[in-house]
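Here's the letter readout for the chains.
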Amino acid sequence: MKKEKLYLICPDCHIEKIIRQKFGNDVYFLTALGSVFDISEFEYAEEVNRFINNEIILEIVIVNDIHCTFICNTVQRDKNYNTQAEKELTKLQENNRPKFELLDLDKRKELLAELNIYRQ
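Presented here is a report on the structure given in the accompanying data block. In this convention, every chain numbers its residues from 1, walking through the sequence in written order. The model is predicted, so local features are restricted to residues of pLDDT at least 70 and side-chain atom pairs to those at 80 or more, both for listing and for counting; the totals for chains, interfaces and linings are taken over all residues. The basis for every side-chain value is the complete set of heavy atoms in the structure, and neither hydrogens nor water enter the calculation.

### A look at the pattern of salt bridges
A side-chain nitrogen of Lys or Arg and a carboxyl oxygen of Asp or Glu constitute a salt bridge if their distance falls within 4 Å. Within the structure shown, the criterion is met by seven salt bridges. Note that Glu 94 is salt-bridged to Arg 97, the shortest N-O span being 2.0 Å. For every residue, the accessible area (1.4 Å probe, protein chains only) is compared with the maximum for its type, and the residue is labelled buried under 20%, exposed over 50%, or partly exposed between those bounds. Residue Arg 97 is classed as partly exposed on the basis of its relative accessible area of 37%. Residue Lys 107 is joined to Glu 110 by a salt bridge in which the shortest nitrogen-to-oxygen separation is 3.7 Å. Note that Lys 107 and Glu 110 are positioned in helix H6 (residues 105-119) at a spacing of three residues, about one turn of the helix. We classify Lys 107 as partly exposed; its relative accessible area is 43%. By relative accessible area, which is 35% here, Glu 110 ends up partly exposed. Put simply, Glu 46, Glu 47 and Arg 50 are held in one network by salt bridges that share partners. Secondary structure elements are defined from DSSP: runs of H or I of at least 4 residues count as helices, runs of E of at least 2 residues count as strands, and each element is numbered from the N terminus.

### A look at the layout of surface pockets
The distinction between a cavity and a pocket rests on a 1 Å grid over the protein atoms alone: a 1.4 Å probe fits inside a cavity but cannot get out, while a pocket stays open yet meets protein on both sides within 12 Å along at least five of seven lines, and a residue with an atom within 4 Å of a point counts as lining. Grid points are joined across faces, edges and corners, and a volume is the space filled by probe spheres set on the points. If you add up the space inside the largest pocket, you get close to 280 Å³. Breaking the lining of the largest pocket down by element, the ones donating at least two residues are strand S1 (5-9), helix H2 (42-54) and strand S3 (59-62). A total of four residues in the lining of the largest pocket trace back to one element, the largest contributor, which is H2. Split by residue class, the lining of the largest pocket holds ten nonpolar, three polar and two charged. Each residue is assigned to one of three groups, with Ala, Val, Leu, Ile, Met, Phe, Trp, Tyr, Cys and Pro labelled nonpolar, Asp, Glu, Lys and Arg labelled charged, and all others, Gly among them, labelled polar.

### Points about the nonpolar core
In this text, buried Ala, Val, Leu, Ile, Met, Phe, Trp, Tyr and Cys residues form a nonpolar core when linked through side-chain atoms within 4.5 Å. Leu 89 and Leu 112 are the most contacted members of the largest nonpolar core, which has 21 residues in total. For this core, the secondary structure elements donating two or more residues are S1, helix H3 (69-76), helix H4 (84-95) and H6. Looking at this core element by element, the count peaks at four residues for H6.

On their own, these measurements won't tell you what the molecule is for.
Right, dumping it as structure tokens:
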């Protein structure tokens, strides 16, 4: 059977096993820290596009975990590894500051994860 689904995930979240348990083994994964994918480089975008076409990917699923180190670090501002992921997530948070100020910590994480998915 062809693997028709591609999951975009953060390797730090270790959720491949959970996804496979729920949806089976016939899936592919593409990883980026914080699930912050940047396909602005032509060569990278071209390679991803080639993979999608060659493997006949019919569905792409972007997964963000609110317990992701990079989402938590951005929202809680207690640690920062100065990664591109945290920089992009911080921009999302800063651009939506009024929304974040009204929410408790868990809701801030959910909002940041949601905004990151939309950003993709």
